[in-house]
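Structural characterization, general
Here's the letter readout for the chains.
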Amino acid sequence: MKALLVIALFYTAASLLHFTHNAEFLADYPNLPASFTRVGVYGAWLAVTAIGALGYAMLRIGWKVAGLLLLAAYAAFGLDGLAHYSLAPFSAHTGMMNFTILFEVAMALLLLGVVGRGLVAINRERHS
């Protein structure tokens, strides 16, 4: 549980870094839709993070599977940063853009791995 919390907090920090960079340098990110706004980017981060917080809260009160599934969904949102590369190639992004995107993706994958391990452990407990 402690490792999960630490990794979830690292992912949250990485996500905040990416979303903040995205919001503050919105006009510099290549080919983002004109409908994206600074406030909208921060609002999206809050909504996604609320899913993670709810998942962790459910885990803490004993709803392990539901909590882990919500945490998995939360982490999966971190992979969405790769969509930047469907709009423009890696080379069209600055070093900091690429760093924030890839750092968030790496932390999301790490969190997904820990959550998956937790789900496997629960499954084993139930079937032994």
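Procedures and definitions
- Residues numbered from 1 in each chain as written.
- Predicted model: local features only at pLDDT ≥ 70, side-chain atom pairs only at ≥ 80, totals over all residues.
- Heavy atoms only, no water.
- Core = buried A, V, L, I, M, F, W, Y, C linked by side-chain atoms within 4.5 Å.
- Buried < 20%, exposed > 50% of the residue type's maximum accessible area, 1.4 Å probe, protein only.
- Helix = DSSP H or I, 4+ residues; strand = E, 2+ residues; numbered from the N terminus.
- Contact = heavy atoms within 4.5 Å.

Counting residues in hydrophobic clusters, the biggest one holds 18 residues, and the most contacted among them are L4, Y11, L68, L71, Y74, L111 and V115. Contributing elements (two or more residues each) for this core: α1 (2-24), α2 (38-60), α3 (64-77) and α5 (95-126). If one sorts the elements of this core by residue count, α5 sits on top with six residues. Beyond its immediate stretch of four places on either side in the chain, L68 contacts L4, L59, V115, G118, L119 and I122. The next biggest cluster of nonpolar side chains, apart from the first, holds nine residues, and it includes A23, Y29, V41 and M97.

The next point concerns the side chain of T100. Take T100: it is sitting in helix α5. Among the residues examined, T100 registers a relative accessible area of 0% and is labelled buried. Each residue touching T100, except ones within four places of it in the same chain, is listed here: L17, H18, H21 and Y29.

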